[in-house]
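One letter stands for each residue in the lines below.
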Amino acid sequence: MSRKKRSSKNLKIGTRITISAVVGILVPVIILIAFSSVFQSFMASYFGFATVTTNEYSAVNQLQWSQTITSISNELVSDSSEEAKVKKINEFVAPLEKLGSVIYIEKNGAALYATTSKSEVTELASSIVKTDTQRNTNYFGENGMVIVNHVNDGSDRYVVIIANENYTVNDVSKRFAPQNITHLLFSRTGILILLIASVFIIAIIIISFITSKTINKPLRELSYGANEIANGNLDYVIDYDSTNEIGVTVKSFNHMTDRLKQSLERQQTIEQSRKEMIAGVAHDLRTPLTSVKGYVEGLRDGIANTPEKQELYLKTIYTSTLNMEHLLDELLTVSRLELGNIELECKPVNINDFLDDCAGELKAELQQHDFDFNYTNNCDSDFTVMLDAERFHRVIRNIISNSLKYAKKDEKGRIELTAQTYQKSVIITLADNGIGIEGENLTKIFESFYRADPARTKTSEGSGIGLSVARQIVELHGGKIWATGKEGKGLTILISMPRKVEENE
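Residues numbered from 1 in each chain as written. Predicted model: local features only at pLDDT ≥ 70, side-chain atom pairs only at ≥ 80, totals over all residues. Heavy atoms only, no water.

(A) Up close: empty space enclosed by the protein. The final tally for this structure, using the stated rule, is three cavities of 30 Å³ or more. A volume near 50 Å³ is recorded for the second largest cavity. Forming the boundary of the second largest cavity are Ile399, Ile400, Asn402, Ser403, Ile415, Leu430, Ala431, Asp432, Leu491 and Ile493. At four residues, helix H12 (residues 389–405) tops the list of elements feeding residues into the lining of the second largest cavity. (1 Å grid on protein atoms, 1.4 Å probe; cavity = no way out; pocket = protein on both sides within 12 Å on 5 of 7 lines; lining within 4 Å. Points joined across faces, edges and corners; volume = space filled by probe spheres on them. Helix = DSSP H or I, 4+ residues; strand = E, 2+ residues; numbered from the N terminus.)

(B) Seen up close, the packing of helix H3 (residues 59–76) against helix H4 (residues 82–98). Orientation of H3 relative to H4, taken along the N-to-C sense of each, is 170°, at an axis distance of 9 Å. Classified by the angle between their axes, H3 and H4 sit roughly antiparallel to one another. Every residue of H4 that contacts H3 at Trp65, Thr68, Ser71, Ile72, Glu75 and Leu76 is listed here: Ala84, Lys85, Lys88, Ile89, Phe92, Val93 and Leu96. For the contact of H3 with H4, a count of residues per class yields eight nonpolar, two polar and three charged. (Axes fitted to C-alpha atoms, helices over the stretch in contact; angles between N-to-C directions. Parallel < 35°, antiparallel > 145°, perpendicular 65-115°, else oblique. Contact = heavy atoms within 4.5 Å. Nonpolar A, V, L, I, M, F, W, Y, C, P; charged D, E, K, R; others polar.)

(C) View of the packing of aromatic side chains. Counting across every chain of the model gives five aromatic pairs. Through successive ring pairs, a cluster of aromatic residues spans Trp65, Phe140 and Tyr167. (Phe/Tyr/Trp six-rings, centres within 6.5 Å; stacked < 30°, edge-to-face > 60°.)

(D) Broad picture of the sheet that holds strand E5 (residues 156–164). Here five strands make up an open sheet; going across it, the order is E2-E1-E5-E4-E3 and the pairing antiparallel. Two strands in the sheet have a free side with no partner beyond their single neighbour: strand E2 (110–114) and strand E3 (137–141). Averaged over all pairs of adjacent strands, the angle between strand axes in this sheet comes to 15°, irrespective of strand direction. With five bridges joining them, E3 and strand E4 (residues 144–153) adopt antiparallel strand pairing. Bridge pairing in E4 links Phe140 to Met145. Relative to E4, H3 is tilted by about 30°, and along the sheet it contacts strand E1 (102–107), E2, E3, E4 and E5. Here H4 sits on the sheet in contact with E1, E2 and E5, set at roughly 45° to E2. (Pairing = 2+ DSSP bridges.)

(E) Representation of helix H13 (residues 466–476) in the model. Counting buried positions over the 11 residues of H13 gives eight, a clear majority of the element. When we look at burial in H13, the residues that qualify are Gly466, Leu467, Ser468, Val469, Ala470, Gln472, Ile473 and Val474. Trailing H13 by a residue or two, Gly478 shows a phi angle of about 85°, which is positive. (Buried < 20%, exposed > 50% of the residue type's maximum accessible area, 1.4 Å probe, protein only.)

(F) Highlighting the pattern of salt bridges. Under the counting rule described, the total for this entry stands at 11 salt bridges. Of the charged contacts, one joins Arg300 and Asp301 as a salt bridge, the two residues approaching to 3.1 Å between their closest N and O atoms. You can call Asp301 partly exposed: its relative accessible area is 49%. In this structure, Glu411 and Lys408 form a salt bridge, with 3.5 Å as the shortest nitrogen-oxygen distance. Through salt bridges with shared partners, a single network forms among Asp370, Asp372 and Lys412. (Salt bridge = Lys/Arg side-chain N within 4 Å of Asp/Glu carboxyl O.)

(G) Main features of the environment of Gly294. Tracing the sequence through the fold places Gly294 in helix H9 (residues 245–300). Along the primary structure Gly294 and Ile317 are separated by 23 residues, whereas in three dimensions their C-alpha atoms are 9.1 Å apart.

(H) Layout of the environment of Phe92. Mapped onto the elements of the fold, Phe92 is located in helix H4. In this structure, the C-alpha to C-alpha distance between Phe92 and Ser71, residues 21 residues apart in sequence, is 7.7 Å. With residues up to four places along the chain from it excluded, the contact list for Phe92 reads Thr68, Ser71, Ile72 and Glu75.

(I) Structural detail: H4. Between the first and last C-alpha of H4 there are 24 Å, a value that for 17 residues agrees with the 24 Å anticipated at 1.5 Å per step. Within H4, the axis deviates most sharply at Phe92, by approximately 35°, and proline Pro95 lies no more than four positions further along. Buried residues of H4: Lys85, Ile89, Val93 and Leu96, and no others. Contacts made by the buried residues of H4 are with H3, E1, E2 and E5. In the stretch just after H4, Gly100 is the one whose phi turns positive, near 95°. (Expected span 1.5 Å × (residues − 1). Bend = angle between axes of the 7 residues up to and from the residue.)

(J) Structural detail: the nonpolar core. The biggest cluster of nonpolar side chains holds 42 residues, and the ones touching the most others in it are Ile351, Phe392 and Ile495. Among the elements that line this core, the one with the most residues is helix H11 (residues 351–368), at seven residues. When residues no more than four places from it in sequence are discounted, the contact partners of Phe392 are Phe354, Leu387, Ile428, Val474, His477, Ile495 and Met497. Ranked by size, the runner-up nonpolar core spans 19 residues in total, among them Ile69, Val93, Ile105 and Tyr167. (Core = buried A, V, L, I, M, F, W, Y, C linked by side-chain atoms within 4.5 Å.)

(K) Focus on unusual backbone geometry. Positive phi values are uncommon outside glycine, yet Asn108 reaches one of about 50°. Along the chain, Asn108 falls in the loop between E1 and E2. Located in the positive-phi region is Asp370, a residue other than glycine, with phi close to 60°. You can see Asp370 is positioned in the loop between H11 and strand E7 (372–378).

So, in structure tokens, the structure goes:
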């Protein structure tokens, strides 16, 4: 089974916002870590971290001392010769000695570099703060500063001791005075802080812009699509394929548009059907009304001047009246079926008994029309269906009536009734040898006022809605009805009805 390819545009909005927040923090940190070595060398030289420039306590001064001790330690463990190490260390400590610091560096207990003797350096350090040269010490106070640092390089052990009695720590209130704060903001330290803050701000802005774009673009497409549909363009489809909230909304919107389009098309079809129905009713009522009017005028004007003619006129008027009554009854039935105002009175009916009764009635009726009739029943003896027998009789009569209307003029009519039961249904088949119908129109015969005769020349023979009534009654029973046949080869109508489900089943 193929899986839909995952895409960043399928991320949910909540996930996007979370990722944006996390990335907005991680990206600047990653940038700073990735370029830490570059920042270290650049900042150390530009911002004065590489060497100590003052004996006054400050954040920058602590960074300067840290960088200086790191530089000395790195040099001590380097692969350079001892002479080169001493030369390089001299460059590091020269600025410190100018500020009054004394330095003593020993290697494996022997002096490697010394401003003065070890005892003097140790004595000075101990006068500032209690000092143990066996432990690392970082002390910055008002009476001076002391640093003791140990470095190991394989079997070599180095000790760095630095002391300065001129080191001072300013009053805290003075360090936070307005002028000092202003100086801090516009000093190199302030520039560094602004640089780091700028990296964060720019990263967050870029990430927010990208996130905003991924959200705003589909929203703009959705808004444009809504305007198109509002202007009547129901063929417009919003092209955005995603599984996130916006994608689901777009799919629902497109589905809504498609349903709206189908609804409008169906409404137009219904409206067209109503127009055709009105035209059909008017046409079908006009013929018998015209006939009644003509024969009544004949009686009134004395044209029927013999008892025989008068009887013929009255018989024709009566027949036309019956045709109008039948048409109105069919129309009322269709209307009630479409409105759902007809409730079936279904009861368990043995299909054999029902079909045998129908076959007897049909044989007698068809003999009057000089039609041949064949009946074949292959149903199980105990097969039961739920039927409103009276209304289902009407289904059979309407189908037979349709076969009588469209019989061939030059061939004796024939109708065959067959039935076959299956496990869950029974198929009832009514086939004739009439004029048939084109295959593409087979589904239309169950529509109201549809006729196989496009010219509607058989107006006197029926209303054109009998099969529509039959279809709706069958479907109310939970069954199905359909037709097969060819033009000139007759028509076959099949009805499928479900078997009554027993309680134990």
